[in-house]
Amino acid sequence: MNVVIIGYGMAGSRLAAELRDRGPHIKVTVLGAEPHRAYNRIMLSSVLAGKVRERDVEITEAAGHGIDLRPGVTVTAIDRGARMITTDAGDRIEYDHLVLATGSRALIPPLSGLDREHLPERVAVFRTLDDCRRILATASGARTALVLGGGLLGLEAARGLAARGIATEVVHAVGHLMERQLDPGASAVLVRTLAGIGITAHLDAMAASVAADADGVTLGLADGRELRADLLVVACGVRPETALAAETGLAVERGVVVDDHMRTSDPHISAIGDCAQHEGVVSGLVAPAWEQARIVARVLGGEDPLARYRPLPVVTRLKAAGIDLAAMGTSMPAEGAEELSFADPARGTYAKLTIVDERLTGAILLGDNPSVGAVIQLFDRGAPVPVDRRALLLGRAIGVPAATQAESPALMPDAATVCQCNTVSKGALVRCWRAGARSVDDVVAATRATTGCGTCRDAVEGIVDWLSTVDSSEVAA
Ligand SMILES: Cc1cc2nc3c(=O)[nH]c(=O)nc-3n(C[C@H](O)[C@H](O)[C@H](O)COP(=O)(O)OP(=O)(O)OC[C@H]3O[C@@H](n4cnc5c(N)ncnc54)[C@H](O)[C@@H]3O)c2cc1C
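Remember, it's a predicted structure, so these values are computed and weren't measured experimentally.

Student: Hey, could you run me through helix α4 (residues 152–162) in this one?
Tutor: Count 3.6 residues to each turn of an α-helix, and residues three or four apart come out pointing the same way. Across the 11 residues that make up α4, a large majority, 9, are buried. For α4, the full list of buried residues reads G154, L155, E156, A157, A158, R159, G160, L161 and A162.

Student: How should the nonpolar core be read in this particular structure?
Tutor: A general trend in soluble globular proteins is that nonpolar side chains are found buried together. Core analysis: the largest hydrophobic core is formed by 74 residues, its most contacted members being I5, I85 and L100. With 9 residues, helix α7 (residues 286–300) is the single largest residue contributor to this core. L129, A145, I199 and A327 belong to the second-largest nonpolar core, a separate cluster that totals 42 residues.

Student: Is there a simple way to explain unusual backbone geometry in this structure?
Tutor: The backbone of E279 sits at a positive phi, close to 50°, despite the residue not being glycine. Inspection of the secondary structure puts E279 in the loop between β20 (276–278) and α7. At T423, a position not held by glycine, the phi torsion is positive, near 50°. Among the structural elements, T423 can be located in the loop between β26 (417–419) and β27 (424–425).

Student: Hey, could you run me through the pairing of strand β7 (residues 97–100) in this one?
Tutor: Looking along a regular strand, one sees side chains alternate from face to face of the sheet. The alternating pattern of β7 places H97 and V99 and L98 and L100 on opposite faces, both of which are buried. Two strands pair when backbone bridges link them, and strand β1 (residues 2–6) and β7 are joined in this way by 4 bridges, in the parallel orientation. Paired with I6 across the two strands is L100, which belongs to β7. Both β7 and strand β19 (residues 269–271) contribute to a ladder of 3 bridges, which runs parallel. The partner of V99 across the bridge, within β19, is S270.

Student: Looking at this structure, I do not really get the site of the ligand. What am I missing?
Tutor: In the vicinity of the ligand lie 29 residues, with A11, E34, R41, R127 and K319 positioned nearest. In the environment of the ligand, an oxygen atom lies 3.2 Å from a nitrogen or oxygen atom belonging to the backbone of G284. Compared with its free state, where it exposes 1,000 Å², the ligand has 91% of that area covered by protein. Listed by contribution, the elements that provide at least two residues to the shell around the ligand are α1 (10–21), β2 (27–32) and α4. For the shell around the ligand, a count of residues per class yields 14 nonpolar, 9 polar and 6 charged.

Student: Where do I start with the sheet that holds β19 in this structure?
Tutor: Strands in a sheet are paired, the pairing made by backbone hydrogen bonds, and the direction either parallel or antiparallel. An order of β3-β2-β1-β7-β19 is seen for the 5 strands of this open sheet, with the pairing classed as parallel. At either margin of the open sheet sits one strand with a lone partner, and together these are β3 (68–71) and β19. Across the sheet, the mean angle from the axis of one strand to that of its neighbour is 15°, orientation sign disregarded. With respect to the sheet, α1 is in contact with β1, β2 and β7, its orientation differing from that of β1 by roughly 160°.

Student: Sorry, what's going on with the environment of Y8 here?
Tutor: Positionally, Y8 belongs in the loop between β1 and α1. The class for Y8 is buried, based on a relative accessible area of 7%. Separated by 27 residues in sequence, Y8 and P35 place their C-alpha atoms 10.0 Å apart. Setting aside residues up to four positions removed in sequence, Y8 forms contacts with S13, V30, L31, G32, H36, R37, A38, I59, L69 and P71.

Definitions and limits used
- Residues numbered from 1 in each chain as written.
- Predicted model: local features only at pLDDT ≥ 70, side-chain atom pairs only at ≥ 80, totals over all residues.
- Heavy atoms only, no water.
- Buried < 20%, exposed > 50% of the residue type's maximum accessible area, 1.4 Å probe, protein only.
- Helix = DSSP H or I, 4+ residues; strand = E, 2+ residues; numbered from the N terminus.
- Core = buried A, V, L, I, M, F, W, Y, C linked by side-chain atoms within 4.5 Å.
- Pairing = 2+ DSSP bridges.
- Near = heavy atom within 4 Å.
- Polar contact = N/O pair within 3.5 Å; in protein donor to acceptor, adjacent residues only side chain to side chain.
- Areas by Shrake-Rupley, 256 points an atom, 1.4 Å probe, with all protein chains shown as cover.
- Nonpolar A, V, L, I, M, F, W, Y, C, P; charged D, E, K, R; others polar.
- Axes fitted to C-alpha atoms, helices over the stretch in contact; angles between N-to-C directions.
- Contact = heavy atoms within 4.5 Å.

What follows is the structure, encoded as structure tokens:
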């Protein structure tokens, strides 16, 4: 079978590796518009913050293993009748099955002075490695920066710039930060935490215009104020890259519409990752993208032609040094829901749990929250919460493992998800150990745990440490 993947990003590269692992009977070609090999896009925040280098984020799992990888090639048309794609170089490539993994593009808001095709100097978006390089080039020598957008991406960009000693202001149109994940109470604590690390947040601030020149950039606000800085990062969200799919007549809504097998309205074409819309949802996160890649590989590889994608609960974590934030489920008040919250703004701590029918339907944990591991486990597994809710909220949970995952692996249930991005449970790590893995590197190579956002690294190291100290026969299967 001849499988062609359009998009050499996080989903496309994972699918190529998954197909290769299923044997040589599948010929895989991957075409990517970006000029370089795939990289861990999530880690661009850490590249911006100077915590990791570019070369550390390259994704090598699909490289050099009999897969035809073609970076720097944009697919310009799909001929579904002939099952053929055309590239910007004029090449035509046949497929038996085509997979769209075209991701998202940064959304440029319609502000006067902001042209999507030609961003003014000193202005950048934050989606690709080239965007990151552009920000870093402008940031060198900069003393002040503006970030338009106080969502997850905007705050990670702001943290990265602040970590470089740049006084950074975040401009957000809504009355509270990260409104998709946080409630106003959590945002108020976060604003204070940000102020402590050199980031000022302007809320309810509607941007109206951008004017940039060699000396700086001015952001005009709708209320007449003007903010000026050496650099502006636009982080106003993303839009699924669906143009090719729409042009070839596939069903497209917000994303390319797919069924449970990740098939589009054409059975010879699948879509995965940020560009796909499953059950009305465009996920925009890597864990669903990688799970979707696995499903398509199982279907195309013949291993399970009826494999179905089922979305898992999503836990969002801010990857910003000095700010511990985990949010999951909904922060919206629901009828009949129990809501418990605790705020200690002076210490930068906020915790909120939403419980329906004895189960967590949402949680926000900001700052020093000892129960974060236990809360994530309960949410992931849909397990009943302990009777003593106050202890769970404040970090002294009774009836569930009280310590974080890294601290108490022995108490963690096997079903607990340790690596959210790759959906790796504690049980999978234990099985891996039993099969002979004896180091963190062995475990990572076998399970891919830690290779997404990397926030589970401490937990994985803790489990490997624990396994090395106990007799493996003592470890429950
Ligand atoms: C800075 C940053 C931090 C993030 N942090 C997190 C996080 O902590 N957790 C999380 O879950 N997610 C995070 N995300 C989101 C995550 O990166 C995406 O969900 C993930 O990259 C989706 O993978 P994808 O392959 O669908 O899209 P992408 O990784 O965007 O890859 C799509 C690729 O397709 C290429 N392409 C598009 N059209 C064509 C064409 N016509 N021809 C050829 N190639 C084409 C694009 O150039 C691109 O390289 C973050 C994103 C950014 C930018």
